[in-house]
Amino acid sequence: MPERVGMEVSLAAAEAVKLCNVDTVSAYPITPQTHIVEHLSEIVADGELDADFVPVESEQTAMSVCMGAAAVGARTFTATAAQGLALMSEMLFIAANMRLPIVMTIVNRALSGPLSIWNDHSDIMAQRDCGWIQIFAENGQEVFDNIICAYRMAEDRRVLFPAIVNIDGFILSHVVEPHEIVDQETVDTFLPPYEPLHTMHPDKPLTMGAFGMPEIYAETKKAQDEALRDSLPVIQEVWDEWAKVTGRQYKRVETYKLDDAEQAFITMGSLGQTAELAVDELRNQGKKVGLIKIRLWRPFPTDDLRQVFSGLKRLLVVDRAYSFGALTGPVASEMEALLYDVDNRPEIFDFIAGIGGRDVPLGSFIEMFDVAERDSGTEHKQNFYTLEVRE
Amino acid sequence: MAKPMHEHTWRDIEVGSVVLEAGNAKEYKTGDWRTFHPVVDKEHCIKCAVCWMFCPDDAIYKTDEGYYVSDLEYCKGCGICANECTTKCITMVIEEEE
């Protein structure tokens, strides 16, 4: 087993990108993503990685550079957050339709209005439908592992989609954690060189990014949607392969103390760690509580979730973003839809929490649990709760 | 195109919406976008080919007699040919009129 190295999570992310031997990195600095690309810039400048580091004037261009490089067969990386992701938005949808296997880390940060550099999931939720594979990491090791896995998933001929690894800003990106840094030989064996299906080359002229007339656009979008859904088993297969190499097993949906649970929290990202402690605490009080962690947000792991919900009476969803004017937050909205036609469906409580850097400590989870107990089956139950907001 | 666009099912769509057949944009007739079409006065045309060089859509071809005329299946009526014409022998005529 490799030695565990204490390292800032952002630096470990950059080390993972280096081990993946990328050809092109293009990025624009934005807090709290900065340390990842700064460290990559140093790695390239020091000659440790033979890659083109392309500094650009905007995130829209950073994504465009990655797309162009990927179109000629390069392995590409970028990273961004919040406003930067929003500025990339139009390119994200095109990269997905063009099936370019770009890997990007999003260091999740609240979208401005008012300006905030702190963590929540409003940035990724605003791009939820961009067509990329979207993975959430809970700790530094998961960030490191999932960047490497993301390349293998993205470049698999049965997948060929760009992939996002979400890292909670500051809470995760800027902390120093122990990481098992896998050696180069292991990564090289796990991740063979990228061999593109189509490339731009004068010997074989073709058109990428073509016009889609009304006669063909609808067929094109269905083909894209079907292909993303078809990537579900391959994504799991890659994680299973990684488990064989490292002993660390990831799943599309992961659970904690769920077997005999009557109630369960649902989290995405770093909150899962605190939620585990809350589950332990509530279990000590004799409450049958468990935890469901959604690691893969897109393609949505419908069947996995249906299986883990069985037997549960109450779901406590933690949403780290608003969907303004909607029934619930974005994660709870999926759960409501998923469970609508299920017999004996659990009662869903939605808690919009951790917005714009607001801490969600263990006590907040206990409060969520108590509020759900209090309001369950009563007329006081709300579509969603904002417990941390001062009334 | 291997087959007309409207006959493609979603399963026929190439990965990445890539079009493997080079130059198939010619299958897409754009002439009906036009408001004006160019009419050449052959008495004044000196066959200099300036219009042919400037046409942004490559829609002008040379006839057997050596004149340059527009392929109206592709000409979008932009009027660049009329503007550039050496002898000003090209007139842009509104589509409904001859």
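Here's a quick rundown of the structure. Note that this is a predicted model, so its numbers are computed, not measured.

**Observations regarding unusual backbone geometry**
1) Next: Of note, the amide linkage connecting Thr31(A) to Pro32(A) takes the cis form, showing an omega dihedral of 0°.
2) Next: Locating Pro32(A) in the fold gives a position in the loop between β2 (24-27) and α2 (34-45).
3) Next: Cis peptide bonds are those with omega within 30 degrees of zero, and the linkage from Gly113(A) to Pro114(A) qualifies with -5°.
4) Next: Note on placement: Pro114(A) falls in the loop between β5 (103-108) and α5 (122-126).
5) Next: Positive phi, close to 65°, is recorded for Phe170(A), a residue that is not glycine.
6) Next: Looking at the secondary structure, you find Phe170(A) in the loop between β7 (163-168) and β8 (176-180).
7) Next: The phi angle at Ala49(B) is positive, at roughly 75°, despite the residue not being glycine.
8) Next: Considering the arrangement of structural elements, one finds Ala49(B) in the loop between β1 (36-40) and α1 (50-54).
9) Next: Given a relative accessible area of 11%, Ala49(B) falls into the buried group.

**Let's talk about the interface of chain B and chain A**
1) Next: Taken together, the 15 residues of chain B in the interface contact 20 residues of chain A.
2) Next: Roughly 1,600 Å² is buried in total at the junction of chain B and chain A, and carbon and sulfur atoms are behind 73% of that figure.
3) Next: When the buried surface of chain B facing chain A is broken down by residue, Met5(B), Trp10(B) and Val15(B) rank first, second and third, together holding 35% of it.
4) Next: At the junction of chain B and chain A, the tally comes to 0 salt bridges.
5) Next: Viewed at the interface, chain A and chain B are joined by 3 residue pairs in polar contact (both at pLDDT 80 or more).
6) Next: The residue makeup of the side of chain B that touches chain A, split by class, is 9 nonpolar, 5 polar and 1 charged.

**Remarks on the side chain of Thr76(A)**
1) Next: Summarising the element assignment, Thr76(A) is placed in strand β4 (residues 76-80).
2) Next: Apart from the residues within four sequence positions on either side, Thr76(A) is in contact with Thr24(A), Cys66(A), Ala69(A), Ala70(A), Ile102(A), Val103(A) and Tyr151(A).

**Some remarks on helix α13 (residues 362-375) of chain A**
Residue and element names in this part refer to chain A.
1) Next: Here α13 spans 20 Å end to end across 14 residues, near enough to the 20 Å set by a 1.5 Å rise per residue.
2) Next: Taken together, the buried residues of α13 touch β10 (263-267), α10 (271-284), β11 (289-294), β13 (314-319) and β14 (347-352).
3) Next: One or two positions beyond α13, positive phi appears at Gly377, with a value near 70°.

**Focus: the sheet that holds β7(A)**
Residues and elements named next belong to chain A.
1) Next: On the basis of which strands lie adjacent, the open sheet formed by 7 strands has the order β3-β2-β4-β5-β7-β6-β12 and mixed pairing. At either margin of the open sheet sits one strand with a lone partner, and together these are β3 (52-55) and β12 (296-298). With direction set aside, neighbouring strand axes in the sheet form an average angle of 20°.
2) Next: Here β2 runs beside β3; their pairing, made up of 4 bridges, is parallel. In the sheet register, Ala27 faces β3, and the bridge partner there is Pro55.

**Re the sheet that holds β11(A)**
Residue and element names in this part refer to chain A.
1) Next: Sheet architecture is open: 5 strands sit in the order β9-β11-β10-β13-β14, paired in mixed fashion. The sheet is open, and its two borders are formed by β9 (253-256) and β14, each paired with just one other strand. Here the strands of the sheet are splayed against their neighbours by 20° on average, with no regard to which way each runs.
2) Next: Direction of pairing for β9 relative to β11: antiparallel, over a ladder of 4 bridges. Bridge pairing in β11 links Val253 to Ile294.
3) Next: Helix-sheet contacts for helix α12 (residues 330-339) involve β10, β11, β13 and β14, and the interaxial angle to β13 is about 150°.

**A closer look at the packing of aromatic side chains**
1) Next: Under the defined criterion, the tally for this structure stands at 11 aromatic pairs over all chains.
2) Next: Consider the rings of Phe190(A) and Trp242(A), whose centres lie 4.8 Å apart with planes at 65°: the pair is edge-to-face. Of this pair, Phe190(A) sits in helix α7 (residues 184-190) while Trp242(A) sits in helix α9 (residues 232-246); the two residues are 52 residues apart in sequence, bridging distant segments of the chain. There is no split in this pair, since Phe190(A) and Trp242(A) are both buried.
3) Next: With a centroid separation of 6.5 Å and an interplanar angle of 55°, the aromatic rings of Trp239(A) and Tyr250(A) are classed as tilted. With a gap of 11 residues between them, Trp239(A) in helix α9 and Tyr250(A) in the loop between α9 and β9 connect regions that are remote in the sequence.
4) Next: Grouped by ring-pair contacts, the aromatic residues Phe211(A), Tyr28(B) and Trp33(B) constitute a single cluster.
5) Next: Lys222(A) extends its terminal NZ or CZ atom over the ring of Trp10(B), reaching a point 5.1 Å from the ring centre.

About the thresholds
- Residues numbered from 1 in each chain as written.
- Chains lettered and ligands numbered in written order.
- Predicted model: local features only at pLDDT ≥ 70, side-chain atom pairs only at ≥ 80, totals over all residues.
- Heavy atoms only, no water.
- Helix = DSSP H or I, 4+ residues; strand = E, 2+ residues; numbered from the N terminus.
- Buried < 20%, exposed > 50% of the residue type's maximum accessible area, 1.4 Å probe, protein only.
- Contact = heavy atoms within 4.5 Å.
- Buried area = accessible area lost by both parts, 1.4 Å probe.
- Salt bridge = Lys/Arg side-chain N within 4 Å of Asp/Glu carboxyl O.
- Polar contact = N/O pair within 3.5 Å; in protein donor to acceptor, adjacent residues only side chain to side chain.
- Nonpolar A, V, L, I, M, F, W, Y, C, P; charged D, E, K, R; others polar.
- Expected span 1.5 Å × (residues − 1).
- Pairing = 2+ DSSP bridges.
- Axes fitted to C-alpha atoms, helices over the stretch in contact; angles between N-to-C directions.
- Phe/Tyr/Trp six-rings, centres within 6.5 Å; stacked < 30°, edge-to-face > 60°.
- Lys NZ or Arg CZ within 6 Å of the ring centre and 35° of its normal.

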